[in-house]
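Architecture and fold: a report
Chain residues, written in single-letter form:
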Amino acid sequence: MNNETINSRLNADLNSRHVSQRQQGTMNLSYLEAWFVIDQMNQIFGFTAWDRETQTMLEFAEERDGKFYVTYTAKCIITVSTSSAQLTRTGHGVGHGNGIRDKGLALESAMKEAESDAMKRACMTLGNQFGLALYDKAQACVVDEGHQNNFIEYVEQANIDTETLISLLGSYGAERLEDVPQRHYKSFTDAIKRIQ
């Protein structure tokens, strides 16, 4: 993929169907699962254009009443190679394996969680598709899938010629309808109405 296409994909809105929710104390947190982040790295940059190095450290391990309580920290370094640059991003994470009767499972749980957390935090700095959009409390760059489907259907039914569509997409920094930011749907459809 060329750099323009990569930038377009990175800046596109994050589809809400990829966002998971979990409760942490009294807060409801939005997050991306680690498998999805890896999949996006492969799709946007390519399997051979990125690498990750993770260092984990055992911070705490204790046994109480036959159960193990473990905490790991991790540092993850992501390196991405594009046609014009090599980028390095670093993230840190913490993982816990608490109340597990098997020591190995407690250690594994804590280490995996720390590694996943660190990787996601490193990748997040690359753009919306890696969770940057979730750090905005209003989540303005998280697109509602139903709204996106309606937008795409409207544009496809407008039957505008390919050259005009490509030109319109380019004016919004997109190569595909899926990459048009939701905040621009109205002005995009207004532009189509003016053309017709």
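Residues numbered from 1 in each chain as written. Predicted model: local features only at pLDDT ≥ 70, side-chain atom pairs only at ≥ 80, totals over all residues. Heavy atoms only, no water.

Points about the sheet that holds strand S5 (residues 67-81)
Worth spelling out the cut-off: For two strands to be treated as a pair, DSSP must find at least two bridges joining them. The helix count covers DSSP runs of H or I at least four residues long, the strand count covers runs of E at least two residues long, and both are numbered beginning at the N terminus. Note on method: axes are straight lines fitted to C-alpha atoms, helices fitted across the in-contact stretch only, with angles between N-to-C directions ranging 0 to 180 degrees. Whether two residues are in contact is decided by their heavy atoms: any pair within 4.5 Å suffices.
With antiparallel pairing, the three strands of this open sheet are ordered in space as S4-S5-S6. Each having just a single partner strand, strand S4 (50-64) and strand S6 (86-100) make up the two edges of the open sheet. Between one strand axis and the next, the sheet turns through 10 degrees on average, direction left out of account. Here 14 bridges tie S4 to S5, and the two strands are oriented antiparallel to one another. Bridge assignment links Ala61 to a residue of S5, and that residue is Val70. The strands touched by helix H2 (residues 34-45) within the sheet are S4 and S5, with S4 carrying the most contacts at an inclination of about 170 degrees.

With respect to unusual backbone geometry
Applied cut-off: The cut-offs for exposure are 20% and 50% of the maximum accessible area for each residue type, with area from a 1.4 Å probe on protein chains only; residues under the lower value are buried, those over the upper are exposed, and the others partly exposed.
Here Gln139, not a glycine, exhibits a phi torsion of approximately 50 degrees, which is positive. Tracing the backbone through its elements, the reader meets Gln139 in the loop between helix H3 (103-124) and strand S7 (142-143). The residue Asn159 is not glycine, and still its phi comes out positive at about 55 degrees. In this fold, Asn159 is placed in the loop between helix H4 (145-157) and helix H5 (162-171). On the accessibility criterion, Asn159 (66% relative accessible area) is exposed.

Examining the layout of surface pockets
Where we set the bar: Only protein atoms enter the calculation, which uses a 1 Å grid: trapped sets of points that fit a 1.4 Å probe without letting it out are cavities, open sets showing protein on both sides within 12 Å along at least five of seven lines are pockets, and any residue with an atom within 4 Å of a point is a lining residue. Grid points are joined across faces, edges and corners, and a volume is the space filled by probe spheres set on the points. Only Asp, Glu, Lys and Arg are considered charged, only Ala, Val, Leu, Ile, Met, Phe, Trp, Tyr, Cys and Pro nonpolar, and every remaining residue, Gly among them, polar.
There is about 790 Å³ of room inside the largest pocket. Residue lining of the largest pocket: 28 residues in total, with Arg22, Ser30, Tyr31, Asp117 and Arg121 positioned closest to the centre. Those elements giving two or more residues to the lining of the largest pocket turn out to be strand S2 (20-24), strand S3 (27-31), H2, S6 and H3. Residue contributions to the lining of the largest pocket peak at six residues, all from H3. Residue composition of the lining of the largest pocket, by class: eleven nonpolar, nine polar and eight charged. Lining the second largest pocket are 20 residues, with Arg17, His18, Gln129, Arg176 and Glu178 sitting closest to its centre. Looking at the lining of the second largest pocket, the elements with two or more residues in it are strand S1 (14-15), H2 and H4. Taken together, the residues of the lining of the second largest pocket break down into five nonpolar, seven polar and eight charged.

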